[in-house]
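# Structure at a glance
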Amino acid sequence: MSQKVQEFNDYRSRMNDKILGSDNKVIKRIFNLDTNAYKEGHLSIKTKELLGLVASAVLRCDDCIAYHLETAHKNGVTKEEMMETMSIATLVGGTIVIPHLRRAVEFWEALEENS
């Protein structure tokens, strides 16, 4: 696994453990709701991850973008599908999304190194 991807996953896991260890009911429910929202349903997991990717890019959340990129990659999203999704995000979010697009492409390349 590329160092960039490994560092992201290690940090996310370590901090999630700390956050969930606080035993706050509201936070636990939000985390659970997020997990359940992205499960297979009327929409496929792949579609939901791409929707999450667009929303995360428009909201300019690099951690969220990385998470959705990794999950989308694991669910068979191609580079072309990812780029088309990010093109929609850039259209909706405007040029302010371009720096996040750059980091998304960089993270995708790190994911592809592992394939």
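So, a few notes on the structure that sits alongside this text. Note that the structure is predicted; figures quoted are calculated from it, not measured. (Residues numbered from 1 in each chain as written. Predicted model: local features only at pLDDT ≥ 70, side-chain atom pairs only at ≥ 80, totals over all residues. Heavy atoms only, no water.)

A few words on a negative patch on the surface. Together, E80, E109, E112 and E113 make up a negatively charged patch on the protein surface. In terms of residue count, helix α6 (residues 98-113) provides more of the negative patch than any other element does, three residues in total. Along the chain, E112 falls in helix α6. Note on E112: relative accessible area 34%, which makes it partly exposed. (Patch = residues over 30% accessible without salt bridge, like charges linked within 9 Å, V, L, I, M, F, W, Y side chains within 5 Å. Areas by Shrake-Rupley, 256 points an atom, 1.4 Å probe, with all protein chains shown as cover. Salt bridge = Lys/Arg side-chain N within 4 Å of Asp/Glu carboxyl O. Lys, Arg positive; Asp, Glu negative; His and termini not counted. Charge placed at Lys NZ, Arg CZ, Asp CG, Glu CD. Helix = DSSP H or I, 4+ residues; strand = E, 2+ residues; numbered from the N terminus. Buried < 20%, exposed > 50% of the residue type's maximum accessible area, 1.4 Å probe, protein only.)

Spanning 19 residues, helix α1 (residues 3-21) covers 27 Å between terminal C-alpha atoms, matching the ideal 27 Å at 1.5 Å per step. Among all positions in α1, only V5, F8 and N16 are buried. Looking straight down α1, one finds its buried side chains confined to an arc of 65°; they lie on one side. For α1, exposure combined with an orientation more than 90 degrees from the buried face picks out Q3, D17, K18 and G21. Elements in contact with the buried residues of α1: α2 (25-37), α4 (62-74) and α6. (Expected span 1.5 Å × (residues − 1). Arc of directions from axis to C-beta. Contact = heavy atoms within 4.5 Å.)

Shape descriptors only; they carry no functional weight alone.
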